[in-house]
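For reference, the chains in residue letters:
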Amino acid sequence: NCPAYEAVSQFEVSLNDLLTRVNEKDNYTFRHSKAVLRYSLALYDAMQDDCPPIPRDDLAIAALFHDVGKCFVPVEILQKPDRLDHAELRYILRHPMDSGRMLLPKFGEQIAEIARNHHERLNGSGYPRGLLAEDISLSSQIVAVADVFDAMTTDRGYNTVKTFSEAAAELVSLPEEFDSRITQVLDRLVTSGALEEGGAESA
């Protein structure tokens, strides 16, 4: 109904305001959020029979706002070019929980769960909770792959930037961490040219 639509629209505006605040603190996170949206939807659209049981628009919201919890991370930590110390790392490790907490009231558990779990890995090596495969939705795993793919292929000041082909191949080689159904689709999209390098900047 109209009041519900207006409430959600107003909340999206508030989240976009938060993204703007994050952009003012750290432009990488702002650009990264748009790239993760683009890659997540490309994977979702290409997965066909393996597509997760979540509306495309819901996946889009979760992907775009997966890092909105970083608005609580001090700018000196977000932009630090060196390895973080233990106290600084605690801010980073909690941002998925903050993102999920912010999304839950207006968008529900499915969207919040994606944001909360986008740094979890199938073998339990991820964070913040060290979940195993059976506890991580396919939707969260799609955003996780999109998130890491963008991180691997963009300059963050302290990493070796990989080509799209190199990044996709590396993700395919890590089935213990990332769902092979997703990484193989990513590899096909890269090989076919459906995902072009530099395209995220104009997304």
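Just so you know, the residues in each chain are numbered from 1, in the order the chain's sequence is written. Local features in a predicted model are, by the rule used here, given only for residues with pLDDT of at least 70; side-chain atom pairs are given and counted only at 80 or more, and totals for whole chains, interfaces and linings are based on all residues. Computation of side-chain values covers all heavy atoms of the structure but excludes hydrogens and water.

**Observations regarding the overall build of the chain**
Phase 1 of the analysis: Secondary structure elements follow DSSP: runs of H or I of four or more residues count as helices, runs of E of two or more count as strands, with numbering from the N terminus. The number of helices and strands found in the chain is nine helices and zero strands.
Phase 2 of the analysis: For the chain, the succession of helices and strands along the chain, N to C, is α-α-α-α-α-α-α-α-α.
Phase 3 of the analysis: A buried classification covers 46% of the 203 residues belonging to the chain.
Phase 4 of the analysis: Two residues form a contact once any of their heavy atoms are found within 4.5 Å. The long-range share in the chain, meaning contacts at least 24 apart out of those at least 6 apart in sequence, stands at 64%.
Phase 5 of the analysis: Of the roughly 10,000 Å² of accessible surface on the chain, a fraction of 51% belongs to carbon and sulfur atoms. We call a residue buried when its accessible area falls under 20% of the maximum for its residue type, exposed when it is over 50%, and partly exposed in between, using a 1.4 Å probe and counting protein chains only. Note that accessible areas follow from Shrake-Rupley with a 1.4 Å probe, and for residues the cover is restricted to the protein chains shown.

**Topic: the packing of aromatic side chains**
Phase 1 of the analysis: Ring pairs are drawn from Phe, Tyr and Trp, using the six-membered ring of Trp, whenever the two centres fall within 6.5 Å, and their geometry is named by plane angle: stacked under 30 degrees, edge-to-face over 60, tilted for the rest. Tallying each qualifying case throughout the model produces three aromatic pairs.
Phase 2 of the analysis: Note on phenylalanine 149 and phenylalanine 164: the rings are 4.8 Å apart at their centroids and 65° apart in plane angle, and the pair reads as edge-to-face. Separated by 15 residues along the polypeptide, phenylalanine 149 in helix 7 (residues 138-153) and phenylalanine 164 in helix 8 (residues 164-172) bring together distant segments of the chain. This pair shows no difference in class: phenylalanine 149 is buried, exactly as phenylalanine 164 is.
Phase 3 of the analysis: Put simply, the rings of Tyr39, Phe149 and Phe164 pair up and form one aromatic cluster.

**Thoughts on unusual backbone geometry**
Peptide bonds are trans in most cases, and residues, glycine excluded, mostly fall at negative phi.
Phase 1 of the analysis: Cis geometry is found at the peptide bond from tyrosine 127 to proline 128, where omega equals 15°.
Phase 2 of the analysis: Note on placement: proline 128 falls in the loop between helix 6 (109-116) and helix 7.

**A look at the confidence of the model for the chain**
Phase 1 of the analysis: Known as pLDDT, the predictor's confidence for each residue is given on a scale from 0 to 100. When pLDDT is averaged across the chain, the result is 87; 89% of the residues are at 70 or more.
Phase 2 of the analysis: Of all secondary-structure elements in the chain, the lowest mean pLDDT belongs to helix 1 (residues 2-25), at 67, while helix 8 reaches the highest, 98.

**As for the nonpolar core**
Phase 1 of the analysis: Take the buried Ala, Val, Leu, Ile, Met, Phe, Trp, Tyr and Cys residues and link them wherever side-chain atoms come within 4.5 Å; each set so joined is a nonpolar core. Within the largest apolar cluster, 46 residues are counted, with the highest numbers of intra-cluster contacts made by Leu15, Leu43, Phe65, Phe149, Leu171, Leu186 and Leu195.
Phase 2 of the analysis: For this core, the secondary-structure elements that each account for two or more residues are helix 1, helix 2 (27-46), helix 3 (56-64), helix 5 (86-107), helix 6, helix 7, helix 8 and helix 9 (180-192).
Phase 3 of the analysis: Ranked by the residues each element gives to this core, the list is headed by helix 7, at eight residues.
Phase 4 of the analysis: Setting aside residues up to four positions removed in sequence, leucine 186 forms contacts with Leu43, Val145, Phe149, Ala168, Leu171 and Leu195.

**Some points on helix 5**
Phase 1 of the analysis: Given a helix with a known number of residues, its expected span is that number minus one, times 1.5 Å. Spanning 22 residues, helix 5 covers 32 Å between terminal C-alpha atoms, matching the ideal 32 Å at 1.5 Å per step.
Phase 2 of the analysis: Among the residues of helix 5, those classed as buried are Glu88, Ile92, His95, Pro96, Asp98, Ser99, Gly100, Met102, Leu103 and Phe107.
Phase 3 of the analysis: Two or three places before alanine 87, at the opening of helix 5, aspartate 85 has a side-chain oxygen 3.2 Å from that residue's backbone nitrogen.
Phase 4 of the analysis: Glycine 108, located one to two residues past helix 5, shows a positive phi value of around 90°. Whenever two N or O atoms come within 3.5 Å, that pair is a polar contact, provided that in protein one can donate a hydrogen and the other can accept it, and provided that, for residues adjacent in sequence, both atoms are side-chain atoms.

**Focus on the pattern of salt bridges**
Phase 1 of the analysis: Any Lys or Arg side-chain nitrogen located within 4 Å of an Asp or Glu carboxyl oxygen qualifies as a salt bridge. Applying the stated criterion across every chain, the model contains 10 salt bridges.
Phase 2 of the analysis: In this structure, the salt-bridge partner of aspartate 50 is arginine 181, at a minimum N-O distance of 4.0 Å. One end of the pair, aspartate 50, is in the loop between helix 2 and helix 3; the other, arginine 181, is in helix 9, and 131 residues separate them in sequence.
Phase 3 of the analysis: With a relative accessible area of 35%, aspartate 50 lands in the partly exposed category.
Phase 4 of the analysis: Aspartate 98 is the salt-bridge partner of arginine 94, the closest N and O atoms lying 3.7 Å from each other. Taken together, the positions of arginine 94 and aspartate 98, both in helix 5 and four residues apart, correspond to about one turn of that helix.
Phase 5 of the analysis: Residue aspartate 98 is classed as buried on the basis of its relative accessible area of 11%.

**Examining helix 8**
Phase 1 of the analysis: Where helix 8 is concerned, the buried positions are Phe164, Ala167, Ala168 and Leu171. An end-on view of helix 8 places all buried positions within 95° of arc, on one side of the element.
Phase 2 of the analysis: Buried residues along helix 8 sit against helix 2, helix 7 and helix 9. The arc in question is the one traced by the directions running from the helix axis out to the C-beta atoms.

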